[in-house]
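These are the residues of each chain, in order.
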Amino acid sequence: MTKDAKFTKNDASTKCKYLVWTASNGLGNRMLTLAAVFLYAILTDRVLLVKFGDDMLGLFCEPFPHSSWLLPRDFPYWKDRKHIQTYENVLMKHGGNNSKELLPSFLILNLQHTHDGHNNFFHCDYSQELLHKVPVLILSSDQYFVPSLFMIPSFRQDLSKMFPEKDTVFHHIGRYLFHPSNEAWELITKFHETHFAKANERIGVQIRVFNTHKAPHQTIINEIIACSVKHKLLPELDLQKPAEAASVLKNQTSKAVLVASLFSEYGDKLRALYLRNTTVTNEVVRVYQPSHEERQKSSNGMHNIKAWTEIYLLSLCDSLITSRKSTFGYVAQSLGGLKPLILQRAFGETIPNPPCQRARSMEPCFHYPPKYDCSRSNTTVDFTSLFHDMMHCEDVSSGLRMVNIKH
Ligand code: GDP
């Protein structure tokens, strides 16, 4: 891999440099940052180590043969935290001038959206030049910051060679890194054999309801039906004809709908609807919801295994309907190589028109991308005007998503 001169590897005597991943937020956020961090480690010639707690240890197989990516318990940083500095400290002291102060050996790189969101300068070459000199970076992020990597001039050429199709970054990295553990795999195969294998078509519906804009369950159900009928994922109900007995339906084509949600009401209502009614095409629609955890419990291992199982099952579907701004949905769509229909935000009992919108790219959205120009730090810039392989996300207008540009 070629690099800009200032980032080339030193001579062979150079010690390894490390990039340590730490967890924040839910599983979707974690998987997005793991993929972004892996790419960053490749670009900066660092060894990637992950700090998994008990809530993560049961999820994945080790991705690298004959080697472990788990942070060893005796890794020096965790013994001696006295010398830790933050990225902002270091940037302030060393950025732009020739500070004589030594750079630290360990540095916390906090790219969480709550930290300084759009305002960091991680996407600038001068930040990377500094970070390059620090042996151990401990990264904490809940963001899919891959578009920032594409903004960095010294990385862009390598990235373009690695990903000729810009909307496949998470698809390739995710499928390389994330292999379900035996426990998760057992749940996945069991569900698949029982409900998916014999269906003619599989449709995934991911319903993530954030508290801030909660519409009634029935409105969201109506929105899902309006979306799936409009885009011909599901047939219309034939309200004139009563449901047929299961024995009569044996040889008819069938659609299996996987509902992923924290709440049982969605699966229950959709299931009842298609059990009680026939469809105008006479297709049989069966609805399954593997779990309903009621609330997010990201520090619980079994809860995360269920979440991972559902993300993986959604990725096996032929088509997807997902919720706005949900990283859970992003991981499923990217692993599956799918451009989902994204549900629009519903208010009260009104079904949005249109009810859903097709994503232009299977890539996850970077919710809090940088705002500022590297050379003029007080000037904001819309990066989509500089990089034509980035666009604002359909579901988060200030976010950025990598897209494929047609030549
Ligand atoms: P986001 O908050 O939608 O961006 O997704 P995250 O995955 O980062 O965080 C939400 C967390 O809530 C998940 O990781 C799960 O722990 C839980 N969760 C949310 N939706 C579902 C779901 O449909 N099924 C399951 N099993 N868990 C869910």
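Residues numbered from 1 in each chain as written. Predicted model: local features only at pLDDT ≥ 70, side-chain atom pairs only at ≥ 80, totals over all residues. Heavy atoms only, no water.

The protein is annotated in an unreviewed UniProt entry as Fucosyltransferase of Lupinus angustifolius. UniProt, in its Sequence similarities (unreviewed entry) section for the protein, records the words "Belongs to the glycosyltransferase 37 family." Of the comments in the UniProt record for the protein, the one headed Subcellular location (unreviewed entry) reads "Golgi apparatus, Golgi stack membrane". (UniProt positions renumbered as here; feature names shortened; annotations may be inferred.)

Participant: Could you clarify how one ought to interpret the packing of helix 1 (residues 27–43) against helix 8 (residues 169–177) in this entry?
Facilitator: The angle between the axes and the distance between the axes are what describe a pair of packed helices. Two numbers describe how helix 1 lies on helix 8: the axes approach to 10 Å, and their chain directions differ by 95 degrees. Between helix 1 and helix 8, the angle is such that the two are roughly perpendicular. Along its contact with helix 1, which presents Met31, Leu32, Leu34, Ala35, Phe38 and Leu39, the element helix 8 presents Val169, Phe170, Ile173, Tyr176 and Leu177. Residue classes in the contact of helix 1 with helix 8 are distributed as 11 nonpolar, no polar and no charged. (Axes fitted to C-alpha atoms, helices over the stretch in contact; angles between N-to-C directions. Helix = DSSP H or I, 4+ residues; strand = E, 2+ residues; numbered from the N terminus. Parallel < 35°, antiparallel > 145°, perpendicular 65-115°, else oblique. Contact = heavy atoms within 4.5 Å. Nonpolar A, V, L, I, M, F, W, Y, C, P; charged D, E, K, R; others polar.)

Participant: What should I look at first to understand the sheet that holds strand 4 (residues 106–110) in this one?
Facilitator: Sheet strands line up and pair through hydrogen bonds in the backbone, either parallel or antiparallel. In spatial order, the strands read 2-1-5-4-3; together these 5 strands make up an open sheet with parallel pairing. Each having just a single partner strand, strand 2 (47–51) and strand 3 (85–86) make up the two edges of the open sheet. Looking at chain direction, strand 1 (residues 18–22) and strand 5 (residues 136–140) are connected through 5 bridges and run parallel. Bridging across to strand 5, Val20 finds its partner in Ile138. In the packing of helix 1 onto the sheet, contacts are made with strand 1, strand 2, strand 4 and strand 5, and the angle to strand 1 comes to roughly 175 degrees. (Pairing = 2+ DSSP bridges.)

Participant: Explain the packing of helix 12 (residues 301–315) against helix 13 (residues 327–336) to me, please; I cannot follow it from the model alone.
Facilitator: The contact between helix 12 and helix 13 brings their axes to 7 Å, and the two run at 45 degrees. The angle between helix 12 and helix 13 falls in the class oblique. Relative to helix 13, the crossing made by helix 12 is right-handed. Contacts between helix 12 and helix 13 involve Ala307, Trp308, Glu310, Ile311, Leu314 and Ser315 on the former and, on the latter, Phe328, Val331, Ala332, Leu335 and Gly336. (Left-handed = near helix turned anticlockwise from the far one by under 90°.)

Participant: What am I meant to see in the state of the cysteines here?
Facilitator: Here a disulfide denotes a covalent bond joining the sulfur atom of one cysteine to the sulfur atom of another. In this structure the tally under the stated criterion is 3 disulfides. Two residues share a disulfide in this structure: Cys124 and Cys374, whose sulfurs sit 2.1 Å from each other. Disulfide Cys124-Cys374: torsion about the S-S bond near -90 degrees, hence left-handed. With Cys124 in the loop between strand 4 and helix 5 (125–132) and Cys374 in the loop between strand 13 (356–358) and strand 14 (390–392), this pair connects stretches of sequence that are 250 residues apart. Residue classification places Cys124 among the buried residues on the basis of a relative accessible area of 0%. Counting only the cysteines that form disulfides, in the order they appear in the protein, gives the pairing 1-5, 2-3, 4-6. (Disulfide = S-S within 2.5 Å. Buried < 20%, exposed > 50% of the residue type's maximum accessible area, 1.4 Å probe, protein only.)

Participant: Looking at this structure, I do not really get the packing of aromatic side chains. What am I missing?
Facilitator: Two descriptors summarise a pair of aromatic rings, namely the distance from one centre to the other and the angle between the planes of the rings. Summed over the entire model, instances satisfying the criterion amount to 22 aromatic pairs. Judged by centre distance (6.5 Å) and plane angle (85 degrees), the ring pair of Tyr40 and Phe145 falls under edge-to-face. Highlighted residues: Tyr40 in helix 1 and Phe145 in the loop between strand 5 and helix 6 (146–151), separated in sequence by 105 residues. Phe145 matches Tyr40 in its accessibility class, with the two residues each being buried. With a centroid separation of 5.6 Å and 90 degrees between ring planes, the pair formed by Trp308 and Tyr312 is classed as edge-to-face. Of this pair, Trp308 and Tyr312 both sit in helix 12, 4 residues apart, roughly one helical turn. We classify Trp308 as buried; its relative accessible area is 0%. (Phe/Tyr/Trp six-rings, centres within 6.5 Å; stacked < 30°, edge-to-face > 60°.)

Participant: Before we go on, may I ask you to explain the nonpolar core in this structure?
Facilitator: Soluble, globular proteins show a tendency: their nonpolar side chains are buried together. Core analysis: the largest hydrophobic core is formed by 83 residues, its most contacted members being Tyr40, Leu109, Phe145, Leu149 and Trp308. Per element, the largest residue contribution to this core is 12 residues, and it comes from helix 1. Grouped together as the second largest cluster of nonpolar side chains are 26 residues, Ile203, Ile225, Val257 and Val259 included. (Core = buried A, V, L, I, M, F, W, Y, C linked by side-chain atoms within 4.5 Å.)

Participant: Which parts of the structure should I look at to understand the site of the ligand?
Facilitator: Near the ligand, the surroundings consist of 18 residues, among which Asn29, Arg208, His303, Ser326 and Thr327 are the closest. Ser261 places a polar main-chain atom, nitrogen or oxygen, 2.9 Å from an oxygen atom of the ligand. Measuring from an oxygen atom of the ligand, one finds a side-chain N or O atom of Ser326 at 2.6 Å. Taken by itself the ligand offers 550 Å² of open surface, and the protein chains cover 97% of this. Mapped onto the shell around the ligand, the elements with two or more residues apiece are helix 1, strand 8 (254–261), helix 12 and helix 13. Partitioning the shell around the ligand into residue classes produces 6 nonpolar, 9 polar and 3 charged. (Near = heavy atom within 4 Å. Polar contact = N/O pair within 3.5 Å; in protein donor to acceptor, adjacent residues only side chain to side chain. Areas by Shrake-Rupley, 256 points an atom, 1.4 Å probe, with all protein chains shown as cover.)

Participant: Before we go on, may I ask you to explain helix 10 (residues 217–230) in this structure?
Facilitator: Since one α-helical turn is 3.6 residues long, residues separated by three or four positions face the same way. An ideal rise of 1.5 Å per residue puts 20 Å on 14 residues; helix 10 measures up with 20 Å between its terminal C-alpha atoms. Turning to helix 10, the residues buried within the fold contact strand 6 (201–207), helix 11 (264–276), strand 11 (319–322), strand 12 (341–343) and strand 13. Of the residues trailing helix 10, Lys232 is marked for its positive phi of about 60 degrees. (Expected span 1.5 Å × (residues − 1).)

Participant: Is there a simple way to explain the environment of Arg46 in this structure?
Facilitator: Looking at where Arg46 falls in the secondary structure, it is placed in the loop between helix 1 and strand 2. Arg46 gets classed as buried once you look at its relative accessible area, which sits at 8%. Taking the C-alpha atoms as reference, Arg46 lies 9.2 Å from Leu137; in sequence the two are 91 residues apart. At 3.0 Å, the side chain of Arg46 and the backbone oxygen of Tyr18 are in polar contact.

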